[in-house]
Amino acid sequence: MSKPEYVEIVESIFQKTKHVKTSEFKYVGKRIVRWDAIAKVKGSPVFTADLFNLVKNPVFVYSVRSKYAHARIKKLDVSDAEKYPGVIKVFTARDIPGINDVGYVIPDQPLIAERKVRYIGDTLALIVAESLGNAWDAGELVSVEYEPLPVYLDPLEIVDFETLQEKPHELIHDERGTDILTRYRIRVGNVEKAFREADVVVENTYRTPGQDHAYLEPEASIAIPEPDGSVTLYVKTQCPFDVRRAVSNVLGLPFSMVRVIAPALGGGFGGAEDVGNEIAAKTALVALALKRPAILIHTKEESSIAHTRRHPMIAHYRHAASRDGRLLAVEARVVLDTGAYASLGPFVAWRATVHSTGPYRVENAKIDVVNVYTNKIPAGAFRGFGNPQVHFAIERQMDLLAEELGIDPVEFRLKNILRNGDRTVHGQLLDHGVGLEEAIKRAVELSNYYEKKKQYESMTGTVRRGIGIAVMYHGNSIGAEGADYSAVSIIINRDGSITFRSGTTDMGQGSLQSLLNIASEILGVPPSYFKVEMPDTASVPDSGPTVASRVTVMTGNATLVASYKLRQRLNTLASEMLKCSSPGEVVIDAPRVYCRDSPEKYITWRELVEQAFWKGIPLQEYGYFRAPFAEWHDETGTGQPYFTYTFGVIVSEVEVDLETGITRVVEATTVYDIGRVINRIGAELHAIGGYIQGMGYALTEETYYTSDGKLLTPSYSTYHVPTTLDTPRKINVDFVEAGFIRGPFGAKGLGEPSIVAIAPSIANAVAHALREKQAKYDVNRIPLTPDYLYSVIKKHGLLK
């Protein structure tokens, strides 16, 4: 079977450029100021809420939310609220014309609750008023009669941790007949035999917390009813085409009647993936019913309960190794807490399963992963998508194994990591593009690992330092979760300027700059020639969601394909105009275009474009790329789940005060194999930003609830994210470019991978600082808050 044309284009360009050094490129891998940087410094970008003042005669929408975490709704009375001054209408579930559901992966989440509530935050009614203040006030007048049900905040109340079987309990999702959302497994080799023959066995239980995305921009949506019965939405979202699908379902309208525009986006990290569906559906419902524009915006307190979090995890890991340091077997039970609704939970649990043995050669594995409903805020997509949780456990286990064997943690990893020619635990052959060994060696060199490790081990006193390493891998693209495709549209205008259209959103991560760098390199024009249009489902191609570290690879490939096709046409025309020996000898270095052997004779870029218009040569191109079909066998957990993997190494240095339990990160080193660096500034800032976010996950960020399910950490005075004062004094960043045959110029993704191994590297450094062997086993949960760490210090008598 022949390859699709788009695959042949991508692979041919990789083959032509795989040995090209960055210095030989004009735009790829260079330090180019991103397309929107100056505008953002000036405060020019327009975010969703900035549009409120432009909306004429709007109504305001406020969500009345449940005050019970688990209860049946016996009676709902909105009559008093409807009479409140300024209130136009109160919407309940019976006012929904289509399907009352905004579940992202499975239909388990009503837009407006009608039979029961499952967490403190479920929407019971929508108050629509002339002002937001009136809507808030009227919300207090909605009367609800509840039948309280048991509240479950711990997934181990739902499943037995030893057997992972469901316990008898009052079902949260009685309509499904179970509160186990998903089960996944890996069964490879003979685990029992490997453990019997092992020289060393290490096991421990690990816990990771829910984590808030802590993005700056609040959730906001504007819905404008159109004369033809359609609706136009401006909404904070990472995934405008997914919003269109959700709104269409709720309204009972075809996709063509729902237009979604994604303005500038002030942060997402996955948190803007699903909540946009809900807020857009609410405003669209109101706007079409009342024939007036509808506005919704969340306060920080409402946002804290209305958008999803990272999945908390409880896991028990057991590893076996031989005396010479070879990994023999892995056994694990992993329980994820998906909260009240599934959101992206099925896919998060699957990705956690895929990565549950780390980037190591593993011939024997028995892994069980279950995702469980509780009565907490729903958990969903968050940078890393299930991978940071399992890597925390894996990388702590690697350090404990190394200690039991008397082998340095770096050397132990080098004995076991995946290299070119190896197979993953799933049986996938890694035939090229595995730069993990080189990344480890470079990180060790940059961090001065061995010298500092020796120096820190000789320190005495109450303030000690430690150094720790962690490695990771992360599958690029959506994988076996579903169809993974992307598309762009590039239009060269008659004056030589270029319009770039894509459904890909930029939430601050700068991925669109990577696309411009790719297009610029192929076309031979600077990025300044491009005008990037914001995603609009009415005018841009569906590029798939901005998730899964897929933009640079997937949309980058689509960009490369479109640019290549345009360049071929331009080369042919320029060769005719300049009398070059062949189209391949044309050099476009805008504003000049010339033959390679006679640069003194040239035409301008605008002259070339004008001639194309005169000759009827189309200068609009649609670029498309689809990832190869992923393969996954549920019974064994084998196959080819992703078409490539990003690899990375983190070295963290910490200072631990034994008298207070306070940990400070003093220096960090990150080295990632991302195939080829496309956007160097963006890649470096990703590495730094991912580290700081991962540092919060490791040390300070924890979500607390009361016993009846109320969130105790709704603001940043109680939920502690790192500040500039907490950041390490130095973060070293470097990259390995091992190349990927089906990536643009060999590139792989970095968006999610940059957080995956941060927490375990910090935890390993903390354990190293503690010195005492048994104390290290208690560095088995994050965040390592001062009170928890002090309890470990005190328990093991480290203050003497």
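Residues numbered from 1 in each chain as written. Predicted model: local features only at pLDDT ≥ 70, side-chain atom pairs only at ≥ 80, totals over all residues. Heavy atoms only, no water.

1. A look at the overall build of the protein
Within the protein, the regular secondary structure consists of 21 helices and 28 strands. A compact globule built from 800 residues would reach a C-alpha radius of gyration of about 28 Å, and the protein, at 27 Å, matches this within 12%. Overall, the C-alpha framework of the protein stretches about 80 × 75 × 50 Å when taken along its three principal axes. For the protein, long-range pairs separated by at least 24 residues make up 80% of all intrachain contacts whose partners lie at least 6 apart in sequence. When the accessible surface of the protein is totalled, it reaches about 29100 Å², and 52% of it is carbon and sulfur. Charge-centre separation for the protein: the mean point of 90 positive side chains lies 3 Å from the mean point of 97 negative side chains. (Helix = DSSP H or I, 4+ residues; strand = E, 2+ residues; numbered from the N terminus. Rg over C-alpha atoms; globule rule 2.2 N^0.38 Å. Contact = heavy atoms within 4.5 Å. Areas by Shrake-Rupley, 256 points an atom, 1.4 Å probe, with all protein chains shown as cover. Lys, Arg positive; Asp, Glu negative; His and termini not counted. Charge placed at Lys NZ, Arg CZ, Asp CG, Glu CD.)

2. A word on the layout of surface pockets
Put simply, the second largest pocket is a space of about 880 Å³. In this structure, the second largest pocket is lined by 25 residues; those nearest its centre are Thr 17, Glu 521, Ile 522, Arg 567 and Arg 596. The set of elements that each furnish at least two residues to the lining of the second largest pocket consists of α1 (5-17), α14 (511-523), α15 (551-578) and β20 (586-589). Considered class by class, the residues forming the lining of the second largest pocket number twelve nonpolar, six polar and seven charged. (1 Å grid on protein atoms, 1.4 Å probe; cavity = no way out; pocket = protein on both sides within 12 Å on 5 of 7 lines; lining within 4 Å. Points joined across faces, edges and corners; volume = space filled by probe spheres on them. Nonpolar A, V, L, I, M, F, W, Y, C, P; charged D, E, K, R; others polar.)

3. Things to note about the environment of Arg 569
Relative to the helices and strands, Arg 569 resides in helix α15. Taking relative accessible area as the criterion, Arg 569 reaches 26% and is therefore assigned partly exposed. For Arg 569, the contacting residues outside a window of four places in its chain are Ile 617, Pro 618, Gln 620 and Glu 621. (Buried < 20%, exposed > 50% of the residue type's maximum accessible area, 1.4 Å probe, protein only.)

4. Focus: the packing of α14 against α15
It is the contact of α14 with α15, at a shortest axis distance of 8 Å, that shows an interaxial angle of 25°. One element, α14, and the other, α15, form an angle in the roughly parallel class. The way α14 lies across α15 gives a crossing that is right-handed. Contacts from Ser 511, Ser 514, Leu 515, Ile 518, Ala 519, Ile 522 and Leu 523 in α14 reach Val 551, Thr 552, Thr 555, Gly 556, Thr 559, Leu 560, Ser 563, Tyr 564, Leu 566, Arg 567 and Leu 570 in α15. (Axes fitted to C-alpha atoms, helices over the stretch in contact; angles between N-to-C directions. Parallel < 35°, antiparallel > 145°, perpendicular 65-115°, else oblique. Left-handed = near helix turned anticlockwise from the far one by under 90°.)

5. Focus: the state of the cysteines
Here the structure, examined in full by the defined rule, presents one disulfide. Here Cys 580 pairs with Cys 595 through a disulfide, and the sulfurs are 2.0 Å apart. Here the S-S torsion is close to -90°, and the disulfide linking Cys 580 with Cys 595 is therefore left-handed. Residue Cys 580 is located in the loop between α15 and β20, and its partner Cys 595 is located in strand β21 (residues 592-595); the two are separated by 15 residues in the primary sequence. The exposure class assigned to Cys 580 is buried, which follows from its relative accessible area of 12%. (Disulfide = S-S within 2.5 Å.)

6. Structural notes on the side chain of Ser 356
The topology assignment puts Ser 356 in the loop between α9 (345-354) and β15 (365-373). Each residue touching Ser 356, except ones within four places of it in the same chain, is listed here: Ile 186, Tyr 317, Ile 367, Val 390 and Ile 394.

7. Quick look at the packing of aromatic side chains
Scanning the entire structure with this criterion turns up 14 aromatic pairs. Here the aromatic residues Trp 350, Tyr 473, Trp 632, Tyr 642, Tyr 645 and Phe 647 are joined through ring pairs into a cluster of three or more. Here the basic side chain of Lys 300 rests over the ring of Tyr 716, its NZ or CZ set 4.5 Å away from the ring centre. One residue, Arg 333, lies across the ring of Phe 161, its end atom 4.9 Å from the ring centre. (Phe/Tyr/Trp six-rings, centres within 6.5 Å; stacked < 30°, edge-to-face > 60°. Lys NZ or Arg CZ within 6 Å of the ring centre and 35° of its normal.)

8. Considerations on the sheet that holds strand β16 (residues 463-475)
The four strands lie next to each other as β16-β26-β27-β28, forming an open sheet whose pairing is mixed. The open sheet has two edge strands, β16 and β28 (730-736), and neither has a second partner. The average undirected angle you get between the axes of adjacent strands in this sheet is 15°. Where strand β26 (residues 645-657) meets strand β27 (residues 663-673), ten bridges bridge the pair, whose relative direction is antiparallel. By the bridge assignment for β27, Phe 647 is matched with Asp 673. Against the sheet, helix α13 (residues 449-457) touches β16, β26 and β27, its axis set at about 145° to β16. (Pairing = 2+ DSSP bridges.)

9. Here we look at the pattern of salt bridges
One pass over the full model with this rule turns up 51 salt bridges. Its salt-bridge partner being Lys 453, residue Glu 457 comes within 3.2 Å of it at the nearest N-O pair. Of this pair, Glu 457 and Lys 453 both sit in helix α13, four residues apart, roughly one helical turn. Residue Arg 550 is joined to Asp 484 by a salt bridge in which the shortest nitrogen-to-oxygen separation is 2.8 Å. (Salt bridge = Lys/Arg side-chain N within 4 Å of Asp/Glu carboxyl O.)

10. Notes on the nonpolar core
Among the nonpolar cores identified, the biggest contains 103 residues, and Tyr 317, Val 334, Ile 440, Tyr 672, Tyr 691, Ile 762 and Leu 770 are the most heavily contacted of them. Filtering out sequence-adjacent residues up to four positions away, Ile 440 remains in contact with Val 410, Leu 414, Ile 417, Ile 469, Val 471 and Val 649. (Core = buried A, V, L, I, M, F, W, Y, C linked by side-chain atoms within 4.5 Å.)

11. A look at the sheet that holds strand β17 (residues 485-492)
Hydrogen bonding along the main chain pairs the strands of a sheet, whether they run parallel or antiparallel. Spatially, the four strands line up as an open sheet ordered β19-β18-β17-β23, and their pairing is mixed. Each end of this open sheet is capped by a strand with a single partner; those strands are β19 (530-532) and β23 (620-626). Sheet twist, expressed as the average angle between the axes of neighbouring strands with direction ignored, equals 20°. Sheet analysis places β17 next to strand β18 (residues 498-502), joined by five bridges and oriented antiparallel. Residue Ile 490 lies in a different strand from β18, and its bridge partner there is Phe 500.

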